[in-house]
Amino acid sequence: MTTTAVVPNDVLRAVRIGLRLSQDDFAKALRRAGQELGEPNEASKRLVQRWESGTSKTPRGVYARALERVTGRPVEALGFTLPVPMARVHADGEGGHDMDAGGDGVASAAVTSQTARTTAENYSGVWLSRYEFFSSSRDETYEGKHYVVIVQHGNRLTAQSLPGASSNPDSPLTLDLTVDRNVITGSWVEQTASDGYYNGARYHGAVHMLVEPTGRRMAGKWVGFGKDFDVNTGPWELRLVDRSTAKAALERYSRPPE
């Protein structure tokens, strides 16, 4: 008899912690959001616990819309098992690859069960995230900075930017990472400001970094899609600034990085 391992939803937990809400307060916020949306719900602390523990993997529509209102993020960026659109990749003739966004296919976003390798190092805390990207439309290189809170569960790390803690206003960032010894691999999602240069575009991609022996710095490269679906890359690093994830520490770094 085969059983499916329950995988905790550390993304949702990190988002909730980043908002400085207890599970009970988060449930209350969801109920308020339901009232504001005209869709009353019965969100409870127990339901939040079920989501975060992974025993409940997909929220019903009424909860999904409340989650988006409370967190300010699309529900597919909150760690749930949801359908994701498929895309096609083709060579661009210049040594790279482009992605076509077209296609009607839908694939099931499955949670795969793996034997997790635990690490002796604990990376939970507040980190300064810094990456560089080249803007083809402005012909210039720019830097993005965020203070993020990292929550660790076994060999999985989830990083969530703190409220107001980005160099570009209202530009929340989420990373979902896996640790294998000193190698960090995973994905990232950033939602740009609706009134900013990129008009609320949602960017996402992969990241691969190495951890220094001190365990206080991770550095490597990101890969992502440009606004014309071209594949881009650039440097990314995370530096530890505070081991604490207590409310006082999160409040201290809920500000734009200098």
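Above this text you will find the structure in question.
Cut-offs applied
- In this convention, every chain numbers its residues from 1, walking through the sequence in written order.
- Totals for whole chains, interfaces and linings use all residues, but because this is a predicted model, local features are given only for residues with pLDDT of at least 70 and pairs of side-chain atoms are given and counted only at 80 or more.
- Water and hydrogen atoms were dropped before computing side-chain values, which therefore reflect all heavy atoms in the structure.
- Helix numbers and strand numbers start at the N terminus; a helix is a DSSP run of H or I with at least 4 residues, a strand a run of E with at least 2.
- Only protein chains enter the accessibility calculation, which uses a 1.4 Å probe; a residue is then buried when its area is under 20% of its type maximum, exposed when over 50%, and partly exposed in between.
- Contacts are assigned to residue pairs that have any heavy atoms within 4.5 Å of one another.
- The method behind every accessible area is Shrake-Rupley, applied with a 1.4 Å probe, and residues are considered shielded solely by the protein chains displayed.
- Each cavity reported here is a set of points on a 1 Å grid over the protein atoms alone in which a 1.4 Å probe fits but cannot get out, each pocket an open set with protein on both sides within 12 Å along at least five of seven lines, and each lining residue one with an atom within 4 Å of a point.
- Grid points are joined across faces, edges and corners, and a volume is the space filled by probe spheres set on the points.
- What counts as an axis is a line fitted to C-alpha atoms, over the stretch in contact for a helix, and the angles between N-to-C directions run from 0 to 180 degrees.
- Should an angle fall under 35 degrees it is called roughly parallel, over 145 degrees roughly antiparallel, and 65 to 115 degrees roughly perpendicular, with every other angle called oblique.
- Residue polarity is assigned by list, with Asp, Glu, Lys and Arg as charged and Ala, Val, Leu, Ile, Met, Phe, Trp, Tyr, Cys and Pro as nonpolar; anything else, Gly included, falls into the polar class.
- Strands are treated as partners if at least two bridges between them are detected by DSSP.

Let's shift gears to the overall build of the protein chain. Broken down by element type, the protein chain carries five helices and 12 strands. Considering the protein chain as a whole, with its 258 residues, one finds that 40% of them fall into the buried category. Intrachain contacts of the protein chain at a sequence separation of at least 6 include 49% that bridge at least 24 residues. Accessible surface for the protein chain amounts to roughly 14,000 Å². Of this, 50% is attributable to carbon and sulfur atoms.

A word on empty space enclosed by the protein. Where empty space is left can be seen by rolling a probe of water-molecule size over the atoms. Enumeration over the complete set of coordinates arrives at one cavity of 30 Å³ or more. Roughly 60 Å³ of volume is contained in the largest cavity. As for the largest cavity, its lining consists of Arg73, Pro74, Ala77, Pro172, Leu173, Thr174, Val189, Glu190, Gln191 and Arg202. With three residues, strand 9 (residues 183–191) is the largest single contributor of residues to the lining of the largest cavity.

This part is about unusual backbone geometry. The backbone of Asp139 shows a phi angle near 55°, a positive value even though the residue is not glycine. Taking relative accessible area as the criterion, Asp139 reaches 61% and is therefore assigned exposed. In this structure, Arg181 takes a positive phi of about 60° despite not being glycine. Positionally, Arg181 belongs in the loop between strand 8 (173–180) and strand 9. For Arg181, a relative accessible area of 60% gives the class exposed.

The packing of two helices is summarised by the inter-axis angle and the distance between the axes. At a closest axis distance of 8 Å, the pairing of helix 2 (residues 23–37) and helix 3 (residues 45–53) adopts a crossing angle of 105°. Accordingly, the angle class assigned to the pair helix 2 and helix 3 is roughly perpendicular. Every residue of helix 3 that contacts helix 2 at Gln23, Asp24, Phe26, Ala27 and Leu30 is listed here: Lys45, Val48, Gln49, Trp51 and Glu52. Partitioned by chemical class, the residues of the contact of helix 2 with helix 3 number five nonpolar, two polar and three charged.

As paired elements, strand 7 (residues 156–166) and strand 8 share five bridges and run antiparallel to each other. Bridge pairing links Arg156 to Thr178 in strand 8. Hairpin remark: strand 7 followed by strand 8, antiparallel, with six residues in the connecting loop; positive phi at Asp170, about 55°. Here strand 8 folds back onto strand 9 in antiparallel fashion, the turn holding two residues, of which Arg181 has a positive phi close to 60°.

What follows deals with the packing of helix 2 against helix 4 (residues 61–71). Axis separation between helix 2 and helix 4 bottoms out at 8 Å; the angle between their running directions is 105°. Taken together, the axes of helix 2 and helix 4 lie roughly perpendicular to each other. Only Arg65, Ala66, Leu67, Arg69, Val70 and Thr71 of helix 4 make contact with helix 2, whose side of the interface consists of Phe26, Ala29, Leu30, Ala33, Gly34, Glu36 and Leu37. Here the contact of helix 2 with helix 4 is composed, by residue class, of eight nonpolar, two polar and three charged.

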